[in-house]
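Coordinate inspection notes
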Amino acid sequence: MYINATGFYVPAGRVDNDHFLEINGLTSEWIVQRTGIRTRSIVGEGEGSDSMGLAAIDNALASLPYPLTDVDLIVSACYSPYDTVATLAHVAQQKYNIDGAKAVYCSSACSSFVNGLEVIEGYFAMGKASKALLICSEHNTYYRNESDPKCGHLWGDAAVAYFISKEPVADTDMTIKAVYTCGLGNIGKGPEGVKLRPHEDGISMPYGKDVFLRACNYMIHALEQVTSPFGMAVTDINYIICHQANKRIVANVAHQLQLPDDRFINNIEELGNTGSASAALVLAQNRDRYPKGTTFGLTVFGGGYSCGAFLVEK
């Protein structure tokens, strides 16, 4: 598969750590030490999951090498949608009048974007689509509970959009060399590790330690699955982008792989945990900084549990 264009939207609003001192008693120093987060992005008045997703698409259109109406598959992948019936895929189809395209919603916690890639891969393999739009928009602050001292301070809002084709279409394409996902609901705390139950307590993380340990191990496992078919070691990847859940997780992965910090690209310090959009967002924000031939390994871990990775060559 080939990435033809990428776009993103990060709302201008920021919430700094001092905001949480009176709400849940956490100091800025404690939050930075435990998570690496200094500020987190937050939507403005009138913004939401759908508006962010559409803005990410608009951002990608400037570099799209074919008409948007050539898209025959639209996948919305996230865990914090505004509506699970009229999904962002359908909203995008209406706005851009993408006639005849399939419109699908996919969710697997913070692995959702990578699972969305795998859905597209399947449609391509079956010959049922050839050009796809993958949109991931996480409106975490819509569901968060700020007073929760375990995770209320983590969440940021953002969206990312990738246009993907079965065959190469332009010299500017990036190649998706491999995609891997795996459900892990049968390990550790599984479905209880991270929850989003709007009528109860919003996004909650009652078993943060278990999430941390599983994430550190399974993000490396996922990278191994996408590199080994090419005779590569994980350490052969030029740059690794981890799910931006916690900077200590990234540091742990770096330690296990014995790689320096500059081999990892992050945005969590400014944006917080932007959910399943986070790793794909980091690549979209930074792709122009690196030369042709650069390889990126994006790896994620989601509550529930699940993991995934994909290997990209610019």
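Look a little higher up for the structure.
Attention in this report is confined to the structure presented alongside it. (Residues numbered from 1 in each chain as written. Predicted model: local features only at pLDDT ≥ 70, side-chain atom pairs only at ≥ 80, totals over all residues. Heavy atoms only, no water.)

**Some thoughts on the packing of helix α7 (residues 208–227) against helix α8 (residues 247–257)**
The geometry of α7 relative to α8 is characterised by a closest axis approach of 9 Å and an angle of 45° between their N-to-C directions. Classed by the angle they form, the pair α7 and α8 counts as oblique. In this structure, α7 meets α8 at a crossing whose hand is right-handed. Contacts between α7 and α8 involve F212, A215, C216, N217, M219 and I220 from the first element and R248, I249, N252, V253, Q256 and L257 from the second. A per-class count over the contact of α7 with α8 returns eight nonpolar, three polar and one charged. (Axes fitted to C-alpha atoms, helices over the stretch in contact; angles between N-to-C directions. Helix = DSSP H or I, 4+ residues; strand = E, 2+ residues; numbered from the N terminus. Parallel < 35°, antiparallel > 145°, perpendicular 65-115°, else oblique. Left-handed = near helix turned anticlockwise from the far one by under 90°. Contact = heavy atoms within 4.5 Å. Nonpolar A, V, L, I, M, F, W, Y, C, P; charged D, E, K, R; others polar.)

**Examining the side chain of T35**
Its location among the elements puts T35 in helix α2 (residues 28–35). A polar atom in the side chain of T35 sits 2.6 Å from the backbone oxygen of I31. Those residues in contact with T35, other than ones at most four positions away along the chain, are H153, L154, N246, K247, R248 and I268. (Polar contact = N/O pair within 3.5 Å; in protein donor to acceptor, adjacent residues only side chain to side chain.)

**Concerning the packing of aromatic side chains**
Summed over all chains, the structure comprises eight aromatic pairs. Ring geometry for F113 and F310: centres 6.0 Å apart, planes at 35°, overall tilted. Linking F113 in helix α5 (residues 112–125) with F310 in strand β13 (residues 306–313), this pair joins segments that are 197 residues apart in sequence. Among the residues examined, F113 registers a relative accessible area of 2% and is labelled buried. Here the aromatic cluster, defined as three or more aromatic residues joined through ring pairs, consists of Y82, Y142 and Y143. When the ring centre of F230 is taken as reference, the NZ or CZ atom of K177 above it lies at 4.7 Å. One Lys or Arg, K189, reaches over the ring of Y207 and ends 4.7 Å from the middle of that ring. (Phe/Tyr/Trp six-rings, centres within 6.5 Å; stacked < 30°, edge-to-face > 60°. Buried < 20%, exposed > 50% of the residue type's maximum accessible area, 1.4 Å probe, protein only. Lys NZ or Arg CZ within 6 Å of the ring centre and 35° of its normal.)

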